[in-house]
Amino acid sequence: MRVRVKAFATFREVMDSQVDLDFVSGATIRTLLAELSGRYEGLGGLLFAAPGTMRDFVNILKNGRNIHFLADLDTTLDDGDVIALFPPLAGG
Amino acid sequence: MTVQSDDRKERYRRQIAVFGEEGQEKIGKTRLLIAGAGGLGSTAALFAAMAGFGTIGIMDPGCIEETNLNRQVLYREADIGRPKADTAARAIRAMNASIDVEPVTAAIGTTPVKDSIRNIDVVIDGLDNYPARFLLADAAWRCRVPFIHGAAEGFYGRVCTIVPETSPCLRCIVPGLPPVRETPIIGVTTGVVGCVQVTEAIKLATGSGVLISDHLWLWDGLRLRSDRLRIERIPTCHVCGDDKYQIPAKEGVP
């Protein structure tokens, strides 16, 4: 299956704005982030506070819905999913 | 028609050509609260005053510092040390004496938040931290007041207009509590984002156009690109979710 990943704001400084990735059935957001962290140096530090522990203020949406309200890192991927990654811009 | 209203008509002639006298009248009757008078808030206050919003509340507990002057367009070097809310109010009154401007030097949450938005039609988020944003956005949702979220960092910015009952709330977009820190920030970005927030306020007031209410608008000044990202209301959200998941508000708890 193929999943499209879109990165926004400061994540674009360490990875492509958009990338399509292929996974086998059963892959999850955790699988996807591991793949991206291996592919883009510096991304893992932005996403994870410790190995396997995502920074809770990182926003990951699956088709517009925050994975925090799905199954977090265990949210399964489906063919055609659009996964958006963005940090919580805070300044005003 | 009075002399004063003739004067106003002339003042707004070029934009009455955009949304009509009726639209201008609606803007004049709209009461805005601009929460935070920093980069976003000072830009928003400037353009809201020029557009003729009838009442503009400006809420900020801080005083002007030298590091604010790279982006906070209402302040001058001589203003360093002065209260932001009062100084911003004075600046926009000087630009448009026909509007009511109400400075508030209290911080969000030091008085009941719902009192801050009593008699307010639209809130513009010019805040710089999420504990305060959540307090105000949650209260605005519960009081059925639209909340125009904006935020900026570096060359990046974003806006979402949260319309109670119809769109996702701020908690659906930002589920965790990001750390409070000094954000790298530049005036051109807060300028873009603040202007987009007032654009949304004008559309809310006049009923024109399409609000960015079920999408997050993301600005990338480095690539000169903007994107719209669809967002969904979360049924289990404790602010905007289904009734059984809602938790009553506790004042002062973000």
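Residues numbered from 1 in each chain as written. Chains lettered and ligands numbered in written order. Predicted model: local features only at pLDDT ≥ 70, side-chain atom pairs only at ≥ 80, totals over all residues. Heavy atoms only, no water.

Can you help me understand the confidence of the model for chain B in this one?
In low-pLDDT regions, the fine details of the predicted coordinates are not to be read closely. Scored by pLDDT, chain B comes out at a mean of 92, with 94% of its residues at no less than 70. Confidence estimates for the predicted assembly give a pTM of 0.93 and an ipTM of 0.88. (pLDDT = per-residue confidence, 0-100.)

Is there a simple way to think about the interface of chain A and chain B in this case?
One widely used convention gives an interface's size as the accessible area the parts lose upon coming together. With 24 residues of chain A in contact, the opposing surface of chain B contributes 43 residues. Note on chain A versus chain B: buried area summed over both sides is about 2,600 Å², and carbon and sulfur give 59% of it. Where chain A meets chain B, there are three salt bridges. A salt bridge links Asp220(B) to Arg12(A), with the nearest nitrogen and oxygen atoms 2.6 Å apart. For the pair chain A and chain B, the interface holds 13 residue pairs in polar contact (both at pLDDT 80 or more). When residues of the side of chain A that touches chain B are traced back to their parent elements, those giving at least two are strand E5 (59-62), strand E6 (65-66) and strand E7 (82-86) of chain A. When the residues that make up the side of chain A that touches chain B are grouped by side-chain class, the tally is eleven nonpolar, nine polar and four charged. (Contact = heavy atoms within 4.5 Å. Buried area = accessible area lost by both parts, 1.4 Å probe. Salt bridge = Lys/Arg side-chain N within 4 Å of Asp/Glu carboxyl O. Polar contact = N/O pair within 3.5 Å; in protein donor to acceptor, adjacent residues only side chain to side chain. Helix = DSSP H or I, 4+ residues; strand = E, 2+ residues; numbered from the N terminus. Nonpolar A, V, L, I, M, F, W, Y, C, P; charged D, E, K, R; others polar.)

Would you mind showing me how to read the state of the cysteines here?
Any covalent bond linking the sulfur atoms of two cysteines counts as a disulfide. All names here are of chain B. Considering all chains together, one arrives at zero disulfides over all chains under this definition. With no disulfide partner, Cys143 has as its closest neighbouring cysteine sulfur the one in Cys169, 14 Å distant. Accessibility expressed as a relative area gives 37% for Cys143, which makes it partly exposed. Between Cys195, a free cysteine, and Cys160, which holds the nearest cysteine sulfur, the sulfur-to-sulfur gap is 18 Å. (Disulfide = S-S within 2.5 Å. Buried < 20%, exposed > 50% of the residue type's maximum accessible area, 1.4 Å probe, protein only.)

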